[in-house]
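Read off the chains here:
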Amino acid sequence: MADTTQPETNESGETAAQPSAPEAPSKPPKPSKDEKRAERLAREITAFATSHGGGAEGQIAHIGRGVVRIALVGADGEWGVLVAPSQDGARRAAEIAGLTLHDDFDGELAAKVRTGPYEWTRMAGIQLGGPGNPPAPAS
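To keep things clear, this report deals only with the structure shown in the data block. (Residues numbered from 1 in each chain as written. Predicted model: local features only at pLDDT ≥ 70, side-chain atom pairs only at ≥ 80, totals over all residues. Heavy atoms only, no water.)

### Concerning the pairing of strand S3 (residues 79–84)
The side chains of a regular strand alternate, residue by residue, between the two faces of the sheet. What counts is decided by this rule: Accessibility here uses a 1.4 Å probe with only protein chains present; expressed as a share of the type maximum, an area under 20% marks a residue as buried, one over 50% as exposed, and anything in between as partly exposed. Only DSSP runs of H or I with at least four residues qualify as helices, and only runs of E with at least two residues qualify as strands; both kinds are numbered from the N terminus onward. Any two strands are treated as partners once DSSP identifies two or more bridges connecting them.
Covered by surrounding structure in S3 are Gly-80, Leu-82 and Ala-84 only, the residues Trp-79, Val-81 and Val-83 on the alternate face being uncovered. Taken together, the six bridges between strand S2 (residues 67–74) and S3 define a ladder with antiparallel strand orientation. Directly across from Val-73, in S3, lies its bridge partner Trp-79. What sits between S2 and S3 in their antiparallel hairpin is a turn of four residues, with Gly-77 showing a positive phi close to 95 degrees.

### Considerations on the nonpolar core
Formally: Within this scheme, the nonpolar core is defined by two criteria: the residues are buried Ala, Val, Leu, Ile, Met, Phe, Trp, Tyr or Cys, and they are joined through side-chain atoms within 4.5 Å. The criterion used for residue contact is that any of the two residues' heavy atoms lie within 4.5 Å.
Residues Ile-45, Ile-70, Leu-72 and Leu-99 are the most contacted members of the largest nonpolar core, which totals 17 residues. Elements represented by at least two residues in this core include exactly helix H1 (33–51), strand S1 (56–64), S2, S3 and helix H2 (87–97). For this core, the leading source of residues is H1, giving six residues. Excluding anything up to four places from it in sequence, Ile-45 contacts Ile-70, Leu-72, Leu-82, Ala-93, Ala-94, Ala-97 and Leu-99.

### Here we look at the pairing of S1
Pairing of S1 with S2 involves eight bridges; the strand directions are antiparallel. Bridge pairing in S2 links His-62 to Val-68. The pairing of S1 with strand S4 (residues 100–102) spans three bridges and is parallel. From the neighbouring strand, Gln-59 faces S4, where its bridge partner is His-102.

### Thoughts on the pattern of salt bridges
Applicable threshold: Salt bridge, as used here: a side-chain nitrogen of Lys or Arg that lies within 4 Å of a carboxyl oxygen of Asp or Glu.
A full pass over the atoms with the stated rule returns six salt bridges. In this structure, the salt-bridge partner of Asp-34 is Arg-37, at a minimum N-O distance of 3.8 Å. Within this pair, Asp-34 and its partner Arg-37 are both found in helix H1, separated by three residues, close to a single helical turn. Salt-bridge contacts for Glu-108 lead to Lys-112; the nearest nitrogen and oxygen are separated by 3.7 Å. On the basis of relative accessible area, Glu-108 is assigned to the exposed category, the value being 55%. Overlapping salt bridges bring together Glu-35, Arg-92 and Glu-95 as one network.

Shown next as C-alpha cells:
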C-alpha cells in the first residue's frame, strides 16, 4: 500500500512547515576587481621590500587623471615607483603590504634615497648637455 499520510496541521488548520535540509556552508564572496588590484600591488610592494633590505617606506601622489604613484624607498636606499588606478587602491595595497606611508617625499624619506652613477649622469646630462637618452631602436 502507498503511504497516505497527510501533512500535519496546527490548531488553526494551517499546514506545519516541513523541516528543511541543513544549508551547505556558503562560499566566501569573490574579491572585487579593486581588491584584486590592491592585492597584486601589495605583492609587488612586498617583493620590492624583501629584495631591498627587508623593509620599505613610501609616499602616494596623484600624477594624472585616475592614476596615482606609489614611490618606494627600500631599507638599502634603492627606490622604485608603482602606479595604481586610485588613491584608495594604493592605500589598500600599502595597508596589505604593511608599507609605512609618508605625507610628502621630502625631508626624512628623501634623505634615505641612494642615487647611483646612472641617476647622476642622467641628471647632469639633462642639465649640462651631457649624454642624452640613447637613440630609439630602429623599427
